[in-house]
Amino acid sequence: MNKLLATDLDGTLLKNDKTVSEYTINKVHEMINEGHYFVVSTGRPYFRITKILKALDIISDKIYCICNNGGLIISTDGSNVLYEESMPYNHAVELIDLAIKYDVNMLVYQRDYIITDHLDEHVTVLNGEPRLKIIDGGKEALKKFQNIVKVVYNGTHEKLLEFKSKVPSEILNKYNFVFSGLDFLEVNNKTIDKGVAVNRLAEILNIDKECVYAVGDEENDIAMIKAVKNGCCVSNANPKLKSIAKFITLSNEEDGVASLIDKLILKPKIMVSACLLGDNCKYNGGNNLKRDLVNDLKEYNIIKICPEVFGGLSTPRIPAEIVNGNVINKENIDVTNNYNLGASIALDIAKKHNIKVAILKQRSPSCGVGKIYDGTFSNTIIDGFGITAKLFKDNDIKLYTEDNYQELLKKKS
Ligand code: SF4
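Keep in mind that what you see is a predicted model, and the values were worked out from it rather than measured. (Residues numbered from 1 in each chain as written. Predicted model: local features only at pLDDT ≥ 70, side-chain atom pairs only at ≥ 80, totals over all residues. Heavy atoms only, no water.)

1. Comments concerning the sheet that holds strand β16 (residues 301–305)
Thought 1: A sheet is described by the order of its strands in space; here four strands give the open sequence β16-β15-β19-β22, paired in parallel fashion. In this open sheet, the two strands that pair with only one neighbour each are β16 and β22 (398–401). The sheet shows a mean angle of 25 degrees between the axes of neighbouring strands, taken without regard to direction.
Thought 2: Looking at chain direction, strand β15 (residues 269–273) and strand β19 (residues 357–360) are connected through two bridges and run parallel. In the strand pairing of β19, Val272 is matched with Ile359. (Pairing = 2+ DSSP bridges. Helix = DSSP H or I, 4+ residues; strand = E, 2+ residues; numbered from the N terminus. Axes fitted to C-alpha atoms, helices over the stretch in contact; angles between N-to-C directions.)

2. A word on empty space enclosed by the protein
Thought 1: Applying the stated rule across the entire model yields one cavity of 30 Å³ or more.
Thought 2: There is about 30 Å³ of room inside the largest cavity.
Thought 3: Lining the largest cavity, in full, are Ala320, Glu321, Ile322, Arg363, Ser364, Pro365, Ile372 and Tyr373.
Thought 4: Looking at the lining of the largest cavity, the elements that each hand over two or more residues are β17 (320–323) and β20 (371–373).
Thought 5: The class makeup of the residues in the lining of the largest cavity is five nonpolar, one polar and two charged. (1 Å grid on protein atoms, 1.4 Å probe; cavity = no way out; pocket = protein on both sides within 12 Å on 5 of 7 lines; lining within 4 Å. Points joined across faces, edges and corners; volume = space filled by probe spheres on them. Nonpolar A, V, L, I, M, F, W, Y, C, P; charged D, E, K, R; others polar.)

3. A look at the site of the ligand
Thought 1: Around the ligand sit 14 residues in total, of which Cys275, Cys281, Cys306, Glu308 and Cys367 are the nearest.
Thought 2: For the shell around the ligand, the per-class residue count stands at seven nonpolar, three polar and four charged. (Near = heavy atom within 4 Å.)

4. Structural notes on the environment of Leu347
Thought 1: Locating Leu347 in the fold gives a position in helix α13 (residues 336–352).
Thought 2: In this structure the C-alpha to C-alpha distance between Leu347 and Ile302, which are 45 residues apart in sequence, comes to 15 Å.
Thought 3: Non-local contacts of Leu347, meaning those with residues more than four positions away in its chain, are made with Leu391, Phe392, Asn395 and Ile397. (Contact = heavy atoms within 4.5 Å.)

5. Re the domain arrangement of the protein
Thought 1: Domain parsing of the protein yields domain 1 (4–81 + 192–265), domain 2 (89–189) and domain 3 (269–412).
Thought 2: If you average the C-alpha positions of domain 2 and of domain 3, the two centres end up 64 Å apart. (Domains from an automatic or database assignment.)

6. Describing the state of the cysteines
Thought 1: What the rule picks out here adds up to zero disulfides.
Thought 2: Unpaired in this structure, Cys67 has its nearest cysteine sulfur neighbour in Cys65, at a distance of 4.1 Å.
Thought 3: Taking the relative accessible area as the measure of exposure, Cys67 reaches 0% and is therefore buried.
Thought 4: Note on Cys281: no disulfide assigned, nearest cysteine sulfur contributed by Cys306 at a separation of 3.7 Å. (Disulfide = S-S within 2.5 Å. Buried < 20%, exposed > 50% of the residue type's maximum accessible area, 1.4 Å probe, protein only.)

7. Re the pattern of salt bridges
Thought 1: Applying the stated criterion across every chain yields a total of 24 salt bridges.
Thought 2: Salt-bridge contacts for Arg44 lead to Asp10; the nearest nitrogen and oxygen are separated by 2.7 Å. Taken together, the residues Arg44 in the loop between β2 (37–41) and α3 (50–56) and Asp10 in helix α1 (residues 9–13) connect sequence positions 34 residues apart.
Thought 3: A relative accessible area of 16% means that Arg44 is categorised as buried.
Thought 4: On the basis of relative accessibility, which here comes to 25%, the residue Asp10 falls in the partly exposed class.
Thought 5: For Lys371, the salt bridge goes to Asp383, with nearest N and O atoms at 2.7 Å. In this pair, Lys371 is assigned in strand β20 and Asp383 in strand β21 (residues 381–383), connecting sequence segments twelve residues apart.
Thought 6: The exposure class assigned to Lys371 is partly exposed, which follows from its relative accessible area of 37%. (Salt bridge = Lys/Arg side-chain N within 4 Å of Asp/Glu carboxyl O.)

What follows is the structure in structure tokens.
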């Protein structure tokens, strides 16, 4: 089933230096390639995230992002607006009047501009922002701007807490007041929050509620974490978020979102002998297709291997069996080197994909798990492991065969 993961940016997806690691970018693309939806969900306006969307390489008319704390749902290439809501003009005026009364710095956001009468010296995140307008005329002059999408009060955390404590309760109840960082108190319409927006987008995309995930770190993510079925947070999150999150991943500095994608979004990876999946790589040119197995592994991301082909052997090839630790074919030629090479290539692939479990073809001199032929080419079975199976076992990969893989499925359910 397709899943949707909405992630906050600052303090969650982004590292403290505002970058995203190559590892995280790869995980994002892995989930998109599996058919899932990756959604950036932020308080920032769209024009303040385009660089990040480009760095993530997810500019598309089919990938969506949520901006302005939920006030805008737009495709990452900006071409397709699914939802947009501005603040009524009288609401914006009421919030500007509050800033005037209590002498708090403020920024008002339109879809394409940020406007202020005074840029507080500690608002360094906006340094060099080309869409920032600093106007004359004090805060009163902010009232001449229409289509305000949100208002942000800024200052020291102590000053903002003091300010919030003075705001009349009828105004606090009329809007969503949330901290997006210690120095930023954001205000949106009551009808707008990231949670409403994520569920709105999931509905548009026809995603089952059970498959909606969200991850964040700050107070303005609480609505999103509460609203979705699978609310998550990074380990550096605000304690309020930690107390309600169903799953706490690693910190933003440790690629927490990538780890969450790995654990909760992506299908589990499993390595399987290619001949069991129907590949004609068997020694006689045929296969060992197990249709039930193929069907039963639909919820897995299958990485298939044929170690004998990896080892340079042709198909068809002369059958071989293990004799005293060496692999000898029916014409008495020692092909151990080919089998060792194939095993080591298979192990490299397993490590690259972080494989923990494999289903291998029983009795093969490469893939046999616990049972192999005795080396006399007389169909006599003895205890033992194929060359690849032994290497996998020694590297702590849990092994199953076409005969007992149901035990693995039972454990999963
Ligand atoms: Fe099948 Fe393994 Fe033999 Fe390849 S090496 S044909 S995957 S049993």
